Amino acid sequence: MNRHVILGGGVAGRRAAEIIRKRDAEAEIVIVDEQEEAFYYRPMLGELLAGTLGPEQIIATDKERLAQLDVKVLAGTRVASLDPKAQEVVLSSGERLPFDKALIASGTRTEKIAGDDGKGRGVVYLDTLPDALHINSLLGAARHAVIYGASLHAINAVRGLRARGIDCTVLLPDERFWKGLLDPIASEIVEDRLAQEGVTLIKQTEIKDLVWEDSDLKGVVPSKGDKLPADLLVVAAPQNPRVDYLEGTGLVGENGVRVDQNLRTGNENIFAAGDVAAMPASHTGEVVQQPGWLSAWRQGNVAGLNMAGQGAAYAGFPALRTKVLDLDVVCFGLSDAQGEGVKVESGDYPYDELPYIYKKVVYKDGKVVGAVFTGDASEAGAVEGWIRKGLKAGECDKKVLDQMFQARIQPLSALGALCPICKFQMQIGEEAEEGSVETCPACGANFRLDRMPNGAFRAVLVG
Ligand SMILES: Cc1cc2nc3c(=O)[nH]c(=O)nc-3n(C[C@H](O)[C@H](O)[C@H](O)COP(=O)(O)OP(=O)(O)OC[C@H]3O[C@@H](n4cnc5c(N)ncnc54)[C@H](O)[C@@H]3O)c2cc1C
């Protein structure tokens, strides 16, 4: 009987466990996770801050699933180190867990800001459910928040804090959001949406200093401009792979645990998946992190198959799938490529009457290599498939391209909805009805269809 030990019970680790069990009824599967809470949807932490969902609503509805699959979860248990030679995982208690196959799926964590000893009140992070609850506990007296970073964590913080009426200033380290993924037009759409919500943006700025009164935060001094009043500083960047316990294993590269397309590390019995890993992007071969909920879920699939002895390759590339307030934002691959051999198709977007909708497909040397969608991501699933298959421009479905770039007003039947958790773009059939409960075919979350004022469907998490 094989023993599989999974380090980290987030979406990647959990999915791998499910897949291994499907292929191997006998295997012993153990997940070690320092998190004490049941599995929850991290992308919904902004809703928790906003007060629109409670903790019980962002905890996965199938709480008992792993127990039913006979997967043992050591919750509240930290992995202290990994011994690849002895094939053992060492727990912080000193206990050693031998394994036949191991999966590193420990995710990332936001780097602590210099000088934060955790003693002052007001400097916060938004990586976990306890982080979100901690922020909520400080909201009573808070009036002004500064959010540092252009991460999904930052966007979630803004979503929650604005809903609570707190003044928000975002310090962007770069000159725009998600450079390398969002192009300047898409970033401007995101910036405009935030400005409409009353959010102030200061670009190309770092934190220079913090102002305290006793042990309460009172202000943030940015590297550019005057001191900003702040009762809260949400540090939302950078996110670093959690690899401290892997020191000396030789498995960690420059940007995470380095794996090949089978998600196998340099050691044939050790795999890695999710935000902690860096793997070759299918369209460039470059070894990069490919973070995000859906990417982690898909990598968990592939790692699980390989651990169970069924060869599978991961064909992914960097992607961003999120919601900025109510604005869907999806981009894939080389979405902001420039230079020789690059051709871009973006129709007449953005239209005056729908300024937040923008779509773009990027070709390099005649092949589809990237795409951007804001405001409506109906065709995102199709275009992602083209990139994955390495299709040439002439091989792409013309109907989809016409729908993207020719129709100024889209027929309702063409509209899809993004899964509220993994942001997979789902096709919604014409027979779909308002209020019906569906299941995301990618991550399995249940959602309800709500009709938006423009007739399109929006998927809302069912707690
Ligand atoms: C506020 C917020 C908003 C987000 N919004 C979006 C979004 O809109 N779209 C999107 O695609 N993604 C979003 N994400 C990112 C998404 O949640 C991650 O990409 C995804 O969770 C990665 O999954 P993972 O399994 O790799 O890692 P994680 O979900 O981070 O799980 C890793 C697990 O490993 C455990 N662990 C770490 N080290 C150890 C150790 N030494 N011992 C034991 N256990 C350990 C941790 O406790 C954790 O449970 C968001 C994340 C946050 C925090």
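Residues numbered from 1 in each chain as written. Predicted model: local features only at pLDDT ≥ 70, side-chain atom pairs only at ≥ 80, totals over all residues. Heavy atoms only, no water.

1. Here we look at the site of the ligand
So the rule is basically this: Throughout, near means a residue has at least one heavy atom within 4 Å of the molecule or strand. Polar contact criterion, stated in full: a pair of N or O atoms within 3.5 Å, where within protein one must be able to donate a hydrogen and the other to accept it, and residues adjacent in sequence count only if both atoms are side-chain atoms. Residue burial considers only the protein chains on display, and all accessible areas are found by Shrake-Rupley using a 1.4 Å probe. Every helix listed is a DSSP run of H or I at least four residues long, and every strand listed is a run of E at least two residues long, numbered separately from the N terminus. The classification used treats Ala, Val, Leu, Ile, Met, Phe, Trp, Tyr, Cys and Pro as nonpolar, Asp, Glu, Lys and Arg as charged, and all other residues, Gly among them, as polar.
Taken together, the neighbourhood of the ligand is formed by 33 residues, with Asp33, Val79, Asp275, Arg321 and Thr322 sitting nearest. Here Asp275 contributes a side-chain N or O atom positioned 2.8 Å from an oxygen atom of the ligand. Contact distances for the ligand include 2.8 Å between an oxygen atom and a side-chain N or O atom of Thr322. When the free accessible area of the ligand is taken as 1,000 Å², the share hidden by the protein chains comes to 96%. Elements with a minimum of two residues in the shell around the ligand: α1 (11-23), β2 (28-33), α6 (152-163), α8 (293-307) and β23 (319-324). It is α6 that provides the largest number of residues to the shell around the ligand, a total of three residues. The residue inventory of the shell around the ligand, partitioned by class, reads twelve nonpolar, twelve polar and nine charged.

2. Describing the environment of Thr374
Keep this limit in mind: Summary of the burial criterion: residues with accessible area below 20% of their type's maximum are buried, those above 50% are exposed, and those between are partly exposed, where the area comes from a 1.4 Å probe applied to protein chains only. Contacts: residue pairs with any heavy atoms within 4.5 Å of one another.
By secondary structure assignment, the location of Thr374 is in strand β27 (residues 367-374). Accessibility expressed as a relative area gives 0% for Thr374, which makes it buried. C-alpha separation for the pair Thr374 and Leu182, spaced 192 residues apart in sequence, amounts to 9.7 Å. The residues contacting Thr374, other than those within four sequence positions of it, are Ala186, Ile189, Asp328, Val329, Tyr356, Ile357 and Tyr358. Only 2.9 Å separates the side chain of Thr374 from the backbone oxygen of Tyr356, close enough to count as a polar contact.

3. Let's talk about the pattern of salt bridges
Where charged atoms of side chains with opposite charge meet at close range, the side chains can pair. Put simply, the test is: By definition here, a salt bridge exists when the distance from a side-chain nitrogen of Lys or Arg to a carboxyl oxygen of Asp or Glu is within 4 Å.
Counted according to the given criterion, the structure contains 23 salt bridges. Its salt-bridge partner being Asp83, residue Arg96 comes within 3.3 Å of it at the nearest N-O pair. A residue pair is termed long-range when its members are at least 10 positions apart, and Arg96 in strand β6 (residues 96-98) and Asp83 in strand β4 (residues 79-83) qualify at 13 residues. Residue class for Arg96 comes out partly exposed when judged on its relative accessible area of 41%. Its salt-bridge partner being Lys359, residue Glu379 comes within 2.8 Å of it at the nearest N-O pair. One end of the pair, Glu379, is in the loop between β27 and α9 (380-389); the other, Lys359, is in strand β26 (residues 358-364), with 20 residues separating them in the sequence. Note on Glu379: relative accessible area 3%, which makes it buried. A single salt-bridge network, built from bridges that share partners, covers Arg298, Arg321, Glu384 and Arg388.

4. What to know about the nonpolar core
If you look at soluble globular proteins, the nonpolar side chains tend to sit buried side by side. What counts, and what does not: Grouping buried Ala, Val, Leu, Ile, Met, Phe, Trp, Tyr and Cys residues that are joined through side-chain atoms within 4.5 Å yields what is termed a nonpolar core.
Formed by 143 residues in total, the largest nonpolar core has its most connected members in Ile104, Ile147 and Leu161. Sorting elements by how many residues they give to this core places α8 first, with eight residues. With residues near it in sequence (within four places) discarded, Ile104 still touches Leu7, Leu82, Tyr245, Leu246, Leu251, Val257, Ile270, Phe271, Ala272, Ala273 and Val276. Tyr125, Val146, Leu217 and Ala237 belong to the second-largest nonpolar core, a separate cluster that totals 15 residues.

5. Focus on the sheet that holds strand β18 (residues 252-253)
Hydrogen bonding along the main chain pairs the strands of a sheet, whether they run parallel or antiparallel. Let me state the cut-off plainly: By this definition, two strands are paired if DSSP reports at least two bridges between them.
The four strands are arranged β18-β19-β21-β22 in an open sheet whose pairing can be described as mixed. Of all strands in the sheet, those with a lone pairing partner are β18 and β22 (287-289), marking the two edges.

6. A word on the sheet that holds strand β31 (residues 446-451)
Note the following rule: A fitted line through C-alpha atoms represents every axis, and for helices the fit uses only the stretch in contact; the resulting angles, taken between N-to-C directions, go from 0 to 180 degrees.
Read from one edge to the other, the open sheet built from three strands follows the order β30-β31-β32, with strand pairing classed as antiparallel. In this open sheet, the two strands that pair with only one neighbour each are β30 (437-439) and β32 (457-461). Strand after strand, the sheet turns through a mean of 45° between neighbouring axes, direction not considered. Direction of pairing for β31 relative to β32: antiparallel, over a ladder of five bridges. Following the sheet pairing, Phe447 is matched in β32 by Leu461.

7. Some remarks on the pairing of strand β5 (residues 88-91)
In β5, alternate side chains face the same way, and those of Glu88 and Val90 on one face and Val89 and Leu91 on the other are all buried. Pairing geometry for β4 and β5, over four bridges, is antiparallel. Note on β5: the bridge partner recorded for Val79 is Leu91. Bridge count for β5 against β6 is three bridges, and the pairing is antiparallel. When the bridges of β6 are listed, Val90 appears paired with Arg96. Where β5 folds back onto β6 in an antiparallel hairpin, the turn is made up of four residues, including Gly94, whose phi is positive at roughly 100°.

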